[in-house]
Amino acid sequence: EPNRIPKNLVSVYASTNPPESGIVHHWLFPSAVQEARSIANSCRDLIAAGIPPREIMILLSNTRAQLPTLTQELDTVGVVYESPRIDCFIKTKPGRFILAVLRVICEPNDYFAHRLILGLRPQTGAGICNNIAGAAIANNLNFRNLFYQPLPTGVFRGTQLSALNHARVVCAEIISWQPNETIQNRLKKLFNLINNIYGQQIAQGWANIIGSLPPDMTIEELRNYLWADTDEQQAALLETVYVRLNMPLPGNGLLPPKLRIMTMHGAKGLNASIVFIPGVMEEILPGERRRLFPGLVLEAARMLYVSITRARAACILSYAETRIDYGKFTRQTPSRFTPHLSGTFTRRTDGLNTIEVNSIVRSYQNL
């Protein structure tokens, strides 16, 4: 883009002494299981050698195909990890519902948050919501007013009317809540709200999340915390809360000491000292759904580039010749991107050896 504002880029490696160029490995494994096992063993050995777990990141293109085998091998060797944020509570329907409630408290004219309160309740789907929206348009009604004003006679019936009435109960409960109230002040009512809609187990999971946060955190701060895209953003927000409350930071820090497993897309804006990128084969990257469309293939290439550039000290790319998908043994082919990765993929049966681990540790310490 010719009008893009230029960035003042500073090379991490230019100021290192002695000079540091970073480390790249290209690995080829007989099977996806051996690939995952080798990555798990490598992570275990790097952590044992002094690399903080959060300085290790594993980036996936296809979590459905890659995550189960990888987490099984990490569990086997005792490496503690964070799964991709797509698996976290806030990405579930109850989590999104809670966030929508907090959004309405902080911004009463948030129309989309009202739509979420309506549609995320069990037994209420997109069809019902679309029919309600269509009826509102056809009858020249304000969509937000449906949640607060008396409903017009004869416009909404059956499941539409039931869904609206359930959402109106929620909005009536929270209409007087203020963004600057503490979460402690509304903790019981939030629990009851979730319990009434999603049940005891979901409500308890929510209570566990809230229990780890400062009780004098405001509802607005809680919304921003749940709305954050990354752990780093959440940690930065929590730090401001602790400073505002004049509270000491937790002794173990605000970020959990865990290895991060993330999607390639989710890693944008983040970095780590050591980055593993498994699954560089055609069936995973770009993958079956993308490779039929040139635009999506280019998007996959960009995601791979973003993933590689997350690494500060070492980047380890790998793929496997075979894998089992839905119980079926399949042969894999190298990704069309492998010729552009500036190195030959060498056959391996295990992860980093002692010499390679020590080399990466020196590179990490030198940055």
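Residues numbered from 1 in each chain as written. Predicted model: local features only at pLDDT ≥ 70, side-chain atom pairs only at ≥ 80, totals over all residues. Heavy atoms only, no water.

K.L.:
Sorry if this is basic, but what is going on with the sheet that holds strand E1 (residues 23-29) here?
P.N.:
The strands making up a sheet are joined through hydrogen bonds of the backbone, oriented either antiparallel or parallel. Strand order across the open sheet formed by 7 strands is E3-E4-E2-E5-E6-E1-E9, with parallel pairing between neighbours. The open sheet terminates on both sides in strands that have one partner only, identified here as strand E3 (81-82) and strand E9 (346-347). Pairing geometry for strand E2 (residues 56-60) and strand E4 (residues 259-263), over 4 bridges, is parallel. The residue of E4 that forms the bridge with Ile-58 is Ile-261. (Pairing = 2+ DSSP bridges. Helix = DSSP H or I, 4+ residues; strand = E, 2+ residues; numbered from the N terminus.)

K.L.:
Looking at this structure, I do not really get helix H10 (residues 231-244). What am I missing?
P.N.:
Because an α-helix completes one turn every 3.6 residues, residues spaced three or four positions apart along the sequence face the same direction. For H10, built from 14 residues, the straight-helix expectation of 20 Å at 1.5 Å per residue is met to within 8% by its first-to-last C-alpha distance of 20 Å. Along H10, the residues that are buried comprise Asp-231, Gln-234, Ala-235, Leu-237, Leu-238, Val-241 and Tyr-242. In an axial view of H10, the angular spread of the buried residues amounts to 165 degrees, which keeps them on one side of the axis. In this fold, the buried residues of H10 make contact with E3 and helix H9 (219-227). Asn-246 sits one or two positions beyond H10 and adopts a positive phi of about 55 degrees. (Expected span 1.5 Å × (residues − 1). Buried < 20%, exposed > 50% of the residue type's maximum accessible area, 1.4 Å probe, protein only. Arc of directions from axis to C-beta. Contact = heavy atoms within 4.5 Å.)

K.L.:
Whenever I open this one, the side chain of Arg-348 confuses me. Can you help?
P.N.:
With respect to the helices and strands, the residue Arg-348 is situated in the loop between E9 and helix H13 (354-366). Polar side-chain contacts of Arg-348 include one of 3.4 Å to the backbone oxygen of Asp-350. Polar side-chain contacts of Arg-348 include one of 3.0 Å to the side chain of Glu-356. When residues no more than four places from it in sequence are discounted, the contact partners of Arg-348 are Trp-27, Leu-28, Phe-29, Pro-30, Asn-353 and Glu-356. (Polar contact = N/O pair within 3.5 Å; in protein donor to acceptor, adjacent residues only side chain to side chain.)

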